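Understanding the architecture of this molecule
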Amino acid sequence: MQVAVFKNEEEIGIVAAKRVARLIKSNPEAVLGLATGSSPVPLYRELVKMHLANELSFAQNRAFCLDEYVGLADDHPEAYRNFIDRVFTSHVDFQPGAVRAPSTSGPNLKEGALEYEAAIRAAGGVDLQILGIGADGHIGFCEPGGPLNSRTHLVFLTEQTRRDNARFFDGDITQVPRMGLTQGLATIMEARELLMIATGENKKAAVTAMVEGSVSAHWPSTVVQYHNDAIILLDEAAASGLTMRDHYQVNWEGFLETEWTDYE
Ligand code: GLP
(Lines give C-alpha, C1' and ligand atoms only; values in the text may rest on other atoms or scores of the structure.)
Protein backbone atom coordinates (compact mmCIF):
# COMPACT_ATOMS: atom_id res chain seq x y z
CA MET A 1 0.00 0.00 0.00
CA GLN A 2 1.30 3.42 -0.87
CA VAL A 3 -0.17 5.95 1.51
CA ALA A 4 0.06 9.65 0.80
CA VAL A 5 -1.32 12.52 2.85
CA PHE A 6 -2.26 15.82 1.23
CA LYS A 7 -3.42 19.19 2.48
CA ASN A 8 -6.92 19.11 1.05
CA GLU A 9 -9.25 17.34 -1.35
CA GLU A 10 -8.34 19.62 -4.25
CA GLU A 11 -4.73 18.43 -4.09
CA ILE A 12 -5.93 14.84 -3.91
CA GLY A 13 -8.15 15.40 -6.93
CA ILE A 14 -5.22 16.69 -8.97
CA VAL A 15 -2.89 13.85 -7.99
CA ALA A 16 -5.54 11.18 -8.55
CA ALA A 17 -6.47 12.65 -11.95
CA LYS A 18 -2.81 12.54 -12.98
CA ARG A 19 -2.78 8.86 -12.14
CA VAL A 20 -5.89 8.15 -14.19
CA ALA A 21 -4.60 10.28 -17.10
CA ARG A 22 -1.29 8.46 -17.07
CA LEU A 23 -3.06 5.13 -17.37
CA ILE A 24 -5.30 6.29 -20.22
CA LYS A 25 -2.37 7.76 -22.11
CA SER A 26 -0.44 4.51 -21.85
CA ASN A 27 -3.52 2.38 -22.52
CA PRO A 28 -6.30 4.32 -24.29
CA GLU A 29 -8.60 1.30 -23.97
CA ALA A 30 -8.16 0.98 -20.22
CA VAL A 31 -11.18 -0.21 -18.26
CA LEU A 32 -12.01 2.08 -15.34
CA GLY A 33 -13.85 1.22 -12.14
CA LEU A 34 -15.88 4.16 -10.92
CA ALA A 35 -16.87 4.89 -7.33
CA THR A 36 -19.66 7.20 -6.27
CA GLY A 37 -19.95 9.12 -3.01
CA SER A 38 -18.47 12.53 -2.40
CA SER A 39 -14.81 11.52 -1.96
CA PRO A 40 -13.92 11.02 -5.65
CA VAL A 41 -15.81 14.11 -6.84
CA PRO A 42 -12.67 16.34 -6.88
CA LEU A 43 -10.96 13.68 -9.01
CA TYR A 44 -13.86 13.63 -11.48
CA ARG A 45 -13.82 17.43 -11.58
CA GLU A 46 -10.12 17.36 -12.57
CA LEU A 47 -10.72 14.71 -15.22
CA VAL A 48 -13.50 16.81 -16.73
CA LYS A 49 -11.15 19.82 -16.74
CA MET A 50 -8.47 17.80 -18.53
CA HIS A 51 -11.01 16.64 -21.07
CA LEU A 52 -12.33 20.14 -21.72
CA ALA A 53 -8.74 21.32 -22.18
CA ASN A 54 -8.37 18.62 -24.88
CA GLU A 55 -5.76 16.82 -22.79
CA LEU A 56 -7.69 13.62 -22.21
CA SER A 57 -10.23 11.55 -24.10
CA PHE A 58 -12.32 8.68 -22.79
CA ALA A 59 -13.59 7.74 -26.25
CA GLN A 60 -12.02 4.27 -26.11
CA ASN A 61 -12.48 3.54 -22.44
CA ARG A 62 -15.10 1.46 -20.77
CA ALA A 63 -16.15 1.90 -17.16
CA PHE A 64 -17.97 -0.11 -14.51
CA CYS A 65 -19.59 1.43 -11.45
CA LEU A 66 -18.95 -0.25 -8.14
CA ASP A 67 -22.47 -0.45 -6.86
CA GLU A 68 -26.07 0.71 -7.04
CA TYR A 69 -28.97 1.20 -4.68
CA VAL A 70 -31.87 -1.22 -4.89
CA GLY A 71 -35.35 0.28 -4.95
CA LEU A 72 -34.76 3.70 -6.49
CA ALA A 73 -36.58 4.67 -9.68
CA ASP A 74 -34.30 4.60 -12.74
CA ASP A 75 -34.50 8.38 -13.01
CA HIS A 76 -33.92 9.07 -9.29
CA PRO A 77 -31.11 11.65 -9.08
CA GLU A 78 -29.32 9.68 -6.35
CA ALA A 79 -29.31 6.39 -8.25
CA TYR A 80 -25.56 5.92 -8.66
CA ARG A 81 -25.88 5.59 -12.43
CA ASN A 82 -27.36 9.09 -12.53
CA PHE A 83 -24.96 10.44 -9.92
CA ILE A 84 -21.89 9.37 -11.89
CA ASP A 85 -23.41 10.77 -15.06
CA ARG A 86 -24.04 14.10 -13.39
CA VAL A 87 -20.63 14.51 -11.78
CA PHE A 88 -18.48 12.90 -14.46
CA THR A 89 -19.44 10.77 -17.40
CA SER A 90 -21.90 13.11 -19.14
CA HIS A 91 -19.20 15.82 -19.23
CA VAL A 92 -16.64 13.72 -21.11
CA ASP A 93 -16.64 11.62 -24.26
CA PHE A 94 -17.36 8.03 -23.27
CA GLN A 95 -19.14 6.24 -26.14
CA PRO A 96 -22.81 5.37 -25.60
CA GLY A 97 -23.04 2.17 -23.58
CA ALA A 98 -19.41 2.35 -22.45
CA VAL A 99 -20.31 3.08 -18.83
CA ARG A 100 -22.21 0.42 -16.94
CA ALA A 101 -23.65 0.11 -13.47
CA PRO A 102 -25.19 -2.92 -11.80
CA SER A 103 -28.81 -3.10 -12.93
CA THR A 104 -31.23 -3.10 -10.03
CA SER A 105 -34.43 -2.79 -12.01
CA GLY A 106 -34.60 -6.31 -13.50
CA PRO A 107 -36.86 -9.03 -12.13
CA ASN A 108 -33.98 -11.19 -10.93
CA LEU A 109 -31.28 -9.26 -9.10
CA LYS A 110 -29.13 -12.31 -8.45
CA GLU A 111 -29.00 -13.06 -12.14
CA GLY A 112 -28.20 -9.39 -12.76
CA ALA A 113 -25.27 -9.71 -10.36
CA LEU A 114 -23.90 -12.71 -12.26
CA GLU A 115 -24.28 -10.87 -15.56
CA TYR A 116 -22.41 -7.87 -14.18
CA GLU A 117 -19.50 -10.08 -13.11
CA ALA A 118 -19.48 -11.66 -16.56
CA ALA A 119 -19.50 -8.25 -18.26
CA ILE A 120 -16.49 -7.08 -16.23
CA ARG A 121 -14.66 -10.27 -17.13
CA ALA A 122 -15.60 -9.98 -20.81
CA ALA A 123 -14.15 -6.46 -20.85
CA GLY A 124 -10.84 -7.93 -19.70
CA GLY A 125 -11.23 -6.84 -16.06
CA VAL A 126 -10.82 -3.45 -14.47
CA ASP A 127 -7.45 -1.77 -14.96
CA LEU A 128 -7.88 0.93 -12.34
CA GLN A 129 -10.53 0.93 -9.66
CA ILE A 130 -11.35 4.24 -8.00
CA LEU A 131 -12.54 3.71 -4.43
CA GLY A 132 -13.94 5.62 -1.49
CA ILE A 133 -14.45 4.11 1.94
CA GLY A 134 -17.45 4.12 4.26
CA ALA A 135 -17.13 5.22 7.88
CA ASP A 136 -17.82 1.59 8.83
CA GLY A 137 -15.01 0.40 6.56
CA HIS A 138 -17.14 -0.68 3.62
CA ILE A 139 -15.93 -0.43 0.06
CA GLY A 140 -18.52 -0.42 -2.68
CA PHE A 141 -21.42 -1.51 -0.54
CA CYS A 142 -19.52 -4.48 0.95
CA GLU A 143 -20.61 -4.01 4.52
CA PRO A 144 -18.92 -5.33 7.71
CA GLY A 145 -19.46 -9.02 8.34
CA GLY A 146 -19.71 -10.00 4.67
CA PRO A 147 -17.30 -12.57 3.23
CA LEU A 148 -13.89 -11.26 2.22
CA ASN A 149 -14.08 -13.27 -1.01
CA SER A 150 -17.48 -12.01 -2.19
CA ARG A 151 -18.45 -11.46 -5.82
CA THR A 152 -21.13 -9.04 -7.06
CA HIS A 153 -24.05 -9.52 -4.68
CA LEU A 154 -27.07 -8.05 -2.94
CA VAL A 155 -26.51 -6.50 0.48
CA PHE A 156 -28.45 -4.97 3.31
CA LEU A 157 -27.01 -1.55 4.09
CA THR A 158 -25.99 -0.93 7.69
CA GLU A 159 -27.69 1.70 9.78
CA GLN A 160 -24.42 3.69 9.77
CA THR A 161 -24.24 3.70 5.96
CA ARG A 162 -27.87 4.75 5.65
CA ARG A 163 -27.32 7.52 8.21
CA ASP A 164 -24.17 8.70 6.39
CA ASN A 165 -25.90 8.68 3.01
CA ALA A 166 -29.04 10.41 4.27
CA ARG A 167 -27.34 13.71 3.39
CA PHE A 168 -28.01 12.88 -0.26
CA PHE A 169 -31.71 12.27 0.52
CA ASP A 170 -32.75 15.57 2.16
CA GLY A 171 -31.25 14.32 5.43
CA ASP A 172 -34.06 11.79 5.71
CA ILE A 173 -32.85 8.25 6.48
CA THR A 174 -36.26 6.79 5.64
CA GLN A 175 -35.65 7.74 1.99
CA VAL A 176 -32.31 5.89 1.86
CA PRO A 177 -32.75 2.42 0.33
CA ARG A 178 -32.19 -0.54 2.63
CA MET A 179 -30.38 -2.62 0.04
CA GLY A 180 -27.70 -2.31 -2.58
CA LEU A 181 -26.13 -4.38 -5.34
CA THR A 182 -22.37 -4.19 -5.17
CA GLN A 183 -19.25 -5.62 -6.71
CA GLY A 184 -17.80 -8.04 -4.20
CA LEU A 185 -14.50 -7.70 -2.39
CA ALA A 186 -12.97 -10.41 -4.61
CA THR A 187 -14.26 -8.56 -7.68
CA ILE A 188 -12.70 -5.32 -6.49
CA MET A 189 -9.44 -7.05 -5.59
CA GLU A 190 -9.11 -8.32 -9.17
CA ALA A 191 -8.73 -4.78 -10.47
CA ARG A 192 -5.13 -4.36 -11.51
CA GLU A 193 -4.73 -1.13 -9.56
CA LEU A 194 -6.69 0.44 -6.71
CA LEU A 195 -6.86 4.19 -6.16
CA MET A 196 -8.61 5.03 -2.92
CA ILE A 197 -9.55 8.49 -1.71
CA ALA A 198 -10.55 9.14 1.91
CA THR A 199 -11.03 12.55 3.42
CA GLY A 200 -12.42 13.92 6.65
CA GLU A 201 -12.46 13.06 10.32
CA ASN A 202 -15.31 10.55 10.01
CA LYS A 203 -13.05 8.27 7.91
CA LYS A 204 -10.28 8.23 10.54
CA ALA A 205 -11.27 4.97 12.27
CA ALA A 206 -11.88 3.13 8.98
CA VAL A 207 -8.60 4.35 7.48
CA THR A 208 -6.63 3.44 10.61
CA ALA A 209 -8.12 -0.07 10.59
CA MET A 210 -7.50 -0.46 6.86
CA VAL A 211 -3.86 0.58 6.95
CA GLU A 212 -2.77 -0.59 10.41
CA GLY A 213 -5.34 -3.13 11.58
CA SER A 214 -5.61 -6.87 11.08
CA VAL A 215 -7.45 -8.14 8.02
CA SER A 216 -10.99 -8.84 9.16
CA ALA A 217 -14.54 -9.02 7.82
CA HIS A 218 -15.31 -6.56 10.61
CA TRP A 219 -13.50 -3.90 8.54
CA PRO A 220 -14.02 -5.04 4.91
CA SER A 221 -11.57 -2.54 3.44
CA THR A 222 -8.70 -4.27 5.30
CA VAL A 223 -8.72 -6.79 2.44
CA VAL A 224 -6.92 -4.10 0.42
CA GLN A 225 -3.80 -5.08 2.39
CA TYR A 226 -3.59 -8.08 0.07
CA HIS A 227 -3.55 -5.95 -3.07
CA ASN A 228 -0.12 -5.38 -4.58
CA ASP A 229 -0.89 -2.09 -6.30
CA ALA A 230 -3.03 0.06 -4.03
CA ILE A 231 -2.63 3.79 -3.59
CA ILE A 232 -4.38 5.45 -0.67
CA LEU A 233 -4.75 9.23 -0.90
CA LEU A 234 -5.73 10.90 2.39
CA ASP A 235 -6.17 14.30 3.89
CA GLU A 236 -4.75 15.08 7.35
CA ALA A 237 -8.04 14.40 9.13
CA ALA A 238 -8.51 10.95 7.61
CA ALA A 239 -4.84 10.12 8.29
CA SER A 240 -4.85 11.43 11.86
CA GLY A 241 -5.23 8.01 13.52
CA LEU A 242 -2.22 6.43 11.79
CA THR A 243 0.53 5.76 14.31
CA MET A 244 3.19 4.50 11.90
CA ARG A 245 2.65 6.97 9.11
CA ASP A 246 6.35 7.65 8.55
CA HIS A 247 6.97 3.96 7.85
CA TYR A 248 4.78 3.67 4.79
CA GLN A 249 3.94 7.16 3.69
CA VAL A 250 5.34 7.90 0.28
CA ASN A 251 7.16 11.21 0.11
CA TRP A 252 5.34 12.92 -2.69
CA GLU A 253 6.65 16.39 -2.01
CA GLY A 254 6.39 18.41 -5.18
CA PHE A 255 4.13 15.80 -6.64
CA LEU A 256 1.43 18.26 -7.59
CA GLU A 257 3.74 19.90 -10.11
CA THR A 258 5.20 16.67 -11.41
CA GLU A 259 4.11 13.73 -13.52
CA TRP A 260 3.84 10.17 -12.21
CA THR A 261 6.47 8.93 -14.61
CA ASP A 262 9.05 11.14 -12.90
CA TYR A 263 8.58 8.99 -9.80
CA GLU A 264 8.85 5.58 -11.37
C1 GLP B 1 -21.27 4.90 -0.34
C2 GLP B 1 -20.72 4.19 -1.58
C3 GLP B 1 -19.26 3.91 -1.47
C4 GLP B 1 -18.53 5.14 -0.98
C5 GLP B 1 -18.99 5.48 0.40
C6 GLP B 1 -18.32 6.70 0.98
O7 GLP B 1 -21.86 4.06 0.58
N8 GLP B 1 -21.42 3.00 -1.86
O9 GLP B 1 -18.77 3.48 -2.73
O10 GLP B 1 -17.15 4.89 -0.97
O11 GLP B 1 -20.38 5.71 0.34
O12 GLP B 1 -18.94 7.86 0.49
P13 GLP B 1 -18.39 9.31 0.64
O14 GLP B 1 -17.23 9.42 -0.26
O15 GLP B 1 -19.53 10.19 0.21
O16 GLP B 1 -18.05 9.50 2.07
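So, here's what we can say about the structure. (Residues numbered from 1 in each chain as written. Predicted model: local features only at pLDDT ≥ 70, side-chain atom pairs only at ≥ 80, totals over all residues. Heavy atoms only, no water.)

**Looking at the site of the ligand**
Within the structure, the ligand sits among 14 residues, and S38, S39, D67, R167 and K203 are positioned closest to it. I133 places a main-chain nitrogen or oxygen 3.4 Å from an oxygen atom of the ligand. Relative to its free-state accessible area of 390 Å², the ligand is covered by the protein chains to the extent of 96%. Its residues placed into classes, the shell around the ligand shows three nonpolar, eight polar and three charged. (Near = heavy atom within 4 Å. Polar contact = N/O pair within 3.5 Å; in protein donor to acceptor, adjacent residues only side chain to side chain. Areas by Shrake-Rupley, 256 points an atom, 1.4 Å probe, with all protein chains shown as cover. Nonpolar A, V, L, I, M, F, W, Y, C, P; charged D, E, K, R; others polar.)

**Details of the packing of aromatic side chains**
Per the counting criterion, the structure on display carries ten aromatic pairs. Ring geometry for Y44 versus F88: centroids 4.8 Å apart, planes at 15°, classification stacked. Of this pair, Y44 sits in helix α2 (residues 41–52) while F88 sits in the loop between α3 (80–87) and β5 (99–100); the two residues are 44 residues apart in sequence, bridging distant segments of the chain. Accessibility classification places Y44 together with F88 in one group, the buried group. A ring pair is formed by Y80 and F141, whose centres lie 5.6 Å apart and whose planes are at 25°; its orientation type is stacked. Highlighted residues: Y80 in helix α3 and F141 in the loop between β6 (128–131) and β7 (153–156), separated in sequence by 61 residues. In textbook terms, an aromatic cluster arises when at least three aromatic residues are bridged by ring pairs, as seen for Y44, F58, F88 and F94. (Phe/Tyr/Trp six-rings, centres within 6.5 Å; stacked < 30°, edge-to-face > 60°. Helix = DSSP H or I, 4+ residues; strand = E, 2+ residues; numbered from the N terminus. Buried < 20%, exposed > 50% of the residue type's maximum accessible area, 1.4 Å probe, protein only.)

**A word on the nonpolar core**
Formed by 69 residues in total, the largest nonpolar core has its most connected members in L34 and L47. By residue number, the principal contributor to this core is helix α1 (residues 9–26), which donates eight residues. The contact partners of L47, leaving out residues within four places of it in the chain, are A17, V20, L56, F58, F88 and V92. (Core = buried A, V, L, I, M, F, W, Y, C linked by side-chain atoms within 4.5 Å. Contact = heavy atoms within 4.5 Å.)

**Quick notes on the sheet that holds strand β9 (residues 193–198)**
Across a sheet, strands are paired by hydrogen bonds formed along the backbone, either parallel or antiparallel in direction. The seven strands lie next to each other as β1-β10-β9-β6-β2-β3-β5, forming an open sheet whose pairing is parallel. Edge strands, defined here as strands with exactly one partner in the open sheet, are β1 (2–6) and β5. Judged from the five bridges that link them, β1 and strand β10 (residues 230–235) form a sheet pairing that is parallel. Each residue of the ladder has a partner; that of A4, found in β10, is L233. In this fold helix α4 (residues 109–122) packs onto β3 (62–65) and β5, with an angle of close to 150° to the strand it touches most, β3. (Pairing = 2+ DSSP bridges. Axes fitted to C-alpha atoms, helices over the stretch in contact; angles between N-to-C directions.)

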